[in-house]
Amino acid sequence: MERWQRAKQHQEQQERLRKGKESEKLFCKLSGAKAGTQHDDYNHIDAYLKDITVDVKGLKRSHTDGYVLVEITNVQGKLGWCSKKGADKVAFQFHGSFVLVDNRKLHALVVRKMIKHRRANMPVMRVDNAARKYGYEGILYKPVGRKGRRDVFLYITKDDLMSIKETVYEYEV
């Protein structure tokens, strides 16, 4: 890979991190949660809502399109943020709100959807930019991962997520 490509990737990664931190700060301001530490970050914990751990997922393009990416296995092949090792709750940012869901209920929902749509025993589709190539509907509830990585994720609809919502924190856009 050329030096300019690495520099561009690094710059994009820094921008994603900056936006992620902004989302976490906004969630804390709206909910009264306290920010997690750098060490907490490694355990998918961005904030503490009283004694409950929260992983904050910033605004993504898929969110504006009505879909939500759910990570089952991370790039190292370890349990992803939607697992028993993840935070207690997950807060997803959408335009004008954060939707808080229980992580265990989210995992159960994902499993139910995969079984209902006959995707549970399907091999992981290894392709980069799957949503762009096939559209969200083309990969909905299918296990997907990127080439050369060990991650596994899938997309659910925002309506699916709203069916298990616990709290919605609204803000002005």
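The structure reproduced in this document is the subject of the present report.

Thresholds applied
Residues numbered from 1 in each chain as written. Predicted model: local features only at pLDDT ≥ 70, side-chain atom pairs only at ≥ 80, totals over all residues. Heavy atoms only, no water. Helix = DSSP H or I, 4+ residues; strand = E, 2+ residues; numbered from the N terminus. Rg over C-alpha atoms; globule rule 2.2 N^0.38 Å. Contact = heavy atoms within 4.5 Å. Areas by Shrake-Rupley, 256 points an atom, 1.4 Å probe, with all protein chains shown as cover. Lys, Arg positive; Asp, Glu negative; His and termini not counted. Charge placed at Lys NZ, Arg CZ, Asp CG, Glu CD. Core = buried A, V, L, I, M, F, W, Y, C linked by side-chain atoms within 4.5 Å. Buried < 20%, exposed > 50% of the residue type's maximum accessible area, 1.4 Å probe, protein only. Expected span 1.5 Å × (residues − 1). Arc of directions from axis to C-beta. Polar contact = N/O pair within 3.5 Å; in protein donor to acceptor, adjacent residues only side chain to side chain. Salt bridge = Lys/Arg side-chain N within 4 Å of Asp/Glu carboxyl O.

## Description of the overall build of the protein
Here comes step 1: A tally of regular secondary structure across the protein gives 6 helices and 10 strands.
Here comes step 2: Relative to the compact-globule value of 16 Å for 173 residues, the protein shows a C-alpha radius of gyration of 16 Å, a close match.
Here comes step 3: Put simply, 56% of the contacts in the protein that link residues at least 6 apart link residues at least 24 apart.
Here comes step 4: Of the roughly 10,700 Å² of accessible surface on the protein, a fraction of 50% belongs to carbon and sulfur atoms.
Here comes step 5: The centroid of the 35 positive side-chain charges in the protein is displaced by 5 Å from the centroid of its 22 negative side-chain charges.

## What to know about the nonpolar core
Here comes step 1: Within the largest apolar cluster, 28 residues are counted, with the highest numbers of intra-cluster contacts made by Val70, Phe92, Val101, Leu106, Tyr155, Ile156 and Leu161.
Here comes step 2: Counting residues per element, the ones that place at least two in this core are β4 (67-73), β5 (89-94), β6 (97-102), α4 (103-116), α5 (130-139) and β9 (152-157).
Here comes step 3: Residues in contact with Leu106, not counting those within four places in the same chain, are Val70, Trp81, Cys82, Phe92, Val101, Ile156, Leu161 and Ile164.

## Notes on α4
Here comes step 1: Its 14 residues place the ends of α4 20 Å apart at the C-alpha level, agreeing with the 20 Å of an ideal helix rising 1.5 Å per residue.
Here comes step 2: Here α4 has its buried residues at Asn103, Leu106, Leu109, Val110, Lys113 and Met114. Looking straight down α4, one finds its buried side chains confined to an arc of 130°; they lie on one side. For α4, exposure combined with an orientation more than 90 degrees from the buried face picks out Ile115 and Lys116.
Here comes step 3: Looking at the buried positions of α4, the neighbouring elements they touch are β4, β5, β6, β9 and α6 (158-162).
Here comes step 4: N-capping of α4 is provided by Asp102, with a side-chain oxygen placed 2.9 Å from the backbone N of Arg104.
Here comes step 5: With its phi angle positive at about 55°, Arg118 sits one or two positions after the end of α4.

## What about the pattern of salt bridges?
Here comes step 1: Across all of its chains, the model carries 10 salt bridges by this definition.
Here comes step 2: As a salt-bridge pair, Glu24 and Lys21 come within 3.3 Å of each other at their nearest N and O atoms. Taken together, the residues Glu24 and Lys21, both in helix α1 (residues 3-31) and 3 residues apart, mark about one turn of the helix.
Here comes step 3: Using a relative accessible area of 13% as the deciding quantity, one classes Glu24 as buried.
Here comes step 4: In this structure, Arg126 and Asp151 form a salt bridge, with 3.4 Å as the shortest nitrogen-oxygen distance.

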